[in-house]
Amino acid sequence: MKVRLTTERWLPAVSWLRGYDRSNFTGDLFAALIVTLMLIPQSLAYAMLAGLPPQIGLYASIAPLIAYAAFGSSRTLSVGPVAVVSLMTAAAAGKIAGSGSASYVEAALVLALLSGVVLLAMAVLRLGFLATFLSHPVISGFITAVAVLIAASQLKHLLGVDAEGDTLIQLSPALIEAAPRANLPTVAIGLIATVFLFWARHGLKPLLLRFNVRERIADSLAKAGPVAAIIATTLVVALADLREQGVHVVGSVPAGLPPLSLPRFDSTAWAQLLPAAALISLIGFVESISVAQTLAARRRQRVDANKELVGLGAANVAAAITSGYPVTGGFARSVVNFDAGARTQLASVFTAAGIALVAVLFTPLFRNLPQAALAATIIVSVLSLIDLETVRHTWRYSRSDFSAMAATIVVVLVVGIEAGILAGVTLSIVLYLWRTSRPHIAIVGQVPGTEHFRNVERHSVITSPAVLSVRVDESLYFADARYLEDWLYGEVARRPDIRHVVLVCAAVNYIDASALDSLEVILDRLKQAGVTLHLSEVKGPVLDRLQRSDFLQHLTGSVFMSQHQAMSTLDPEITARADAAPAQVQLSRETAR
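Residues numbered from 1 in each chain as written. Predicted model: local features only at pLDDT ≥ 70, side-chain atom pairs only at ≥ 80, totals over all residues. Heavy atoms only, no water.

Caption draft 1: Representation of helix α21 (residues 417-437) within the structure. Compared with an ideal rise of 1.5 Å per residue, which puts 21 residues at 30 Å, α21 spans 30 Å between its outermost C-alpha atoms and is within 8% of the ideal. Among the residues making up α21, those that are buried are I417, G420, I421, G424, V425, S428, L431, T436 and S437. Here the buried face of α21 lies against α6 (83-93), α8 (136-159), α14 (267-298), α20 (399-414) and α22 (481-493). (Helix = DSSP H or I, 4+ residues; strand = E, 2+ residues; numbered from the N terminus. Expected span 1.5 Å × (residues − 1). Buried < 20%, exposed > 50% of the residue type's maximum accessible area, 1.4 Å probe, protein only. Contact = heavy atoms within 4.5 Å.)

The following block contains the structure:
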């Protein structure tokens, strides 16, 4: 039993291989067929987006899928090239060498290897929590901005022109300048492919259902829209000999399985690529774990974040040694895999086998594949990532979170990818520190006829002229300790009749060393003013920490179990009057305050 548990810990695949049956096989095989058809055009297109030869997209869709299947904890996450990571790869590798060169391809391998090492190191050190520093507004803003940037970068392929640039500020004038030189056959292919793909995504399935096609088959055919677009445009280019009219095509794609590779060690280049690799790892992990947890919840399965780090790390190392580039879990591909009936990661193994078969036998068919068709595939795919609804919701709900989101979007579009995510994370942390440095502090009184204490500004309550009851709605730490000091001194100075101050600590989950020093100062100054300091409703872990210091020994007052007990002790007459009063029904929506 112990050996079995140890094996499952390091190889999660063992848990689902045990008891694998025919129904699982059928579901996995069908899902693999659908995902393979989806992944072939995506692999070629995302390799082009990353500035790499098209076969590298296929290579990155074979060994990484098998590696994740062995070590990942999600049963339905589909790993492979994705748009965001492809663009980040292009941005990072472009700083090392020119797009498409041997040094550029090697830089992509280094990024995959370093990303894998970073993910595995995070797993060993259990640093998955670092992903929490990427707030949802920042991630949403980042993906939205990158989607816009990706779509803009593909317009040159739809026009058949050269227009370079890493940001929207650079791309826009280049595209405007190059537009008059657009190749008309290329524009026609690109526009028709784009319109068809949008229609296939939203209109093909309803049309097939009206013709009494089974829903599962209709859904599968709709997902295969990009394959149909690629086949059709490739035939048009070949039959009409559009290459002679200036239509750019993929060209010759080497046939065969991915060759084994190991990037040459260059300390300068590796050091330059390491920050980008770390960022790719973090972004990829956040995207993957979000998708994996969402899909697992729908089947009441469990995803282990640490095992996901191992699975994704192994997938990227596998990509590095099989001539690929950085990979991660894809949202759309994983949802398709799930909806198509995948039960286990054997579906990904079947998908890898399908891609390998294509790489060995069918790459000559890509020779006349127009780049405009791949660009259309990318544009239709990434535009679904633009989430304007989340932008509107964040604006309505939280201006500070919207500020972080907006900063991320603007900096990504104007300055670059790394700067954008760094700006978003930095601003999120700064805004958090600013908000928590000014915590909500309420003077509370007793609600008549009850033992509840609520904010005097929101409720009709009874207070004591000799007792100041103060509730702090935040943990006490270095950033807000001084604010509490100043606030208390101001309130006590305005109330000459105050003889007792009670800190209601119901919302205080932690008191750090700086805050403890501030409490010592507050205690001393109140004592000099003839005011006694008390605590109430202190949580067990907080009280344990306080007992490890000498603060409670110096405390001039007491520690009360409840605020009602505190008031009953310090001003029994007021408490008795409040207890005897008729209970009041609170109609305010702010009763929690």
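Let us keep going from here.
Caption draft 2: The arrangement of the side chain of T328 in detail. If you trace the backbone, T328 turns up in strand β2 (residues 328-329). Excluding residues that lie within four positions of it along the chain, T328 makes contacts with S78, V79, G80, V82, V85, G284, F285, E287, S288, L312 and R333.

Caption draft 3: Spotlight on the packing of α8 against helix α10 (residues 184-202). In the contact formed by α8 and α10, the axes pass within 7 Å of each other and the chain directions differ by 125 degrees. Relative to α10, α8 is oriented oblique. Taking contact as the criterion, the partners of H157, L158 and L159 in α8 are, on α10, T186, V187, G190 and T194. For the contact of α8 with α10, the residue count by class is 3 nonpolar, 4 polar and no charged. (Axes fitted to C-alpha atoms, helices over the stretch in contact; angles between N-to-C directions. Parallel < 35°, antiparallel > 145°, perpendicular 65-115°, else oblique. Nonpolar A, V, L, I, M, F, W, Y, C, P; charged D, E, K, R; others polar.)

Caption draft 4: Expanded view of the pairing of strand β6 (residues 500-504). Where burial is concerned, most of β6 is hidden: 5 out of the 5 residues are buried. On β6, burial covers both faces: H500, V502 and V504 on one face and V501 and L503 on the other are all buried. Relative to β6, strand β5 (residues 467-472) runs parallel, the two being bridged by 5 bridges. Across the sheet, residue V470 finds its bridge partner in β6, namely L503. (Pairing = 2+ DSSP bridges.)

Caption draft 5: Molecular detail of the pattern of salt bridges. One pass over the full model with this rule turns up 12 salt bridges. The salt bridge involving E389 is made with R392; its shortest N-O contact spans 2.9 Å. With a gap of 3 residues between them, E389 and R392 both fall in helix α19 (residues 388-397), about one helical turn apart. By relative accessible area, E389 is classed as partly exposed at 43%. (Salt bridge = Lys/Arg side-chain N within 4 Å of Asp/Glu carboxyl O.)

Caption draft 6: Representation of the side chain of S153. Structurally, S153 is set in helix α8. A polar contact is formed between the side chain of S153 and the side chain of Q154, at a distance of 3.3 Å. Apart from residues lying up to four places away in sequence, S153 is in contact with L49 and L171. (Polar contact = N/O pair within 3.5 Å; in protein donor to acceptor, adjacent residues only side chain to side chain.)

Caption draft 7: Focus on empty space enclosed by the protein. Under the definition given, this model contains 2 cavities of 30 Å³ or more. In this structure, the largest cavity spans a volume of roughly 50 Å³. For the largest cavity, the full set of lining residues is V85, S115, L119, I280, S281, G284, F285, L312, N316, V327 and T328. Elements supplying a minimum of two residues to the lining of the largest cavity: α7 (102-125), α14 and α15 (305-320). A breakdown of the residues in the lining of the largest cavity according to their chemical character gives 6 nonpolar, 5 polar and no charged. By volume, the second largest cavity amounts to about 30 Å³. Considering the residues around the second largest cavity, the lining is formed by L476, L503, C505, I511, L519, L535 and L546. Looking at the lining of the second largest cavity, its residues break down into 7 nonpolar, no polar and no charged. (1 Å grid on protein atoms, 1.4 Å probe; cavity = no way out; pocket = protein on both sides within 12 Å on 5 of 7 lines; lining within 4 Å. Points joined across faces, edges and corners; volume = space filled by probe spheres on them.)

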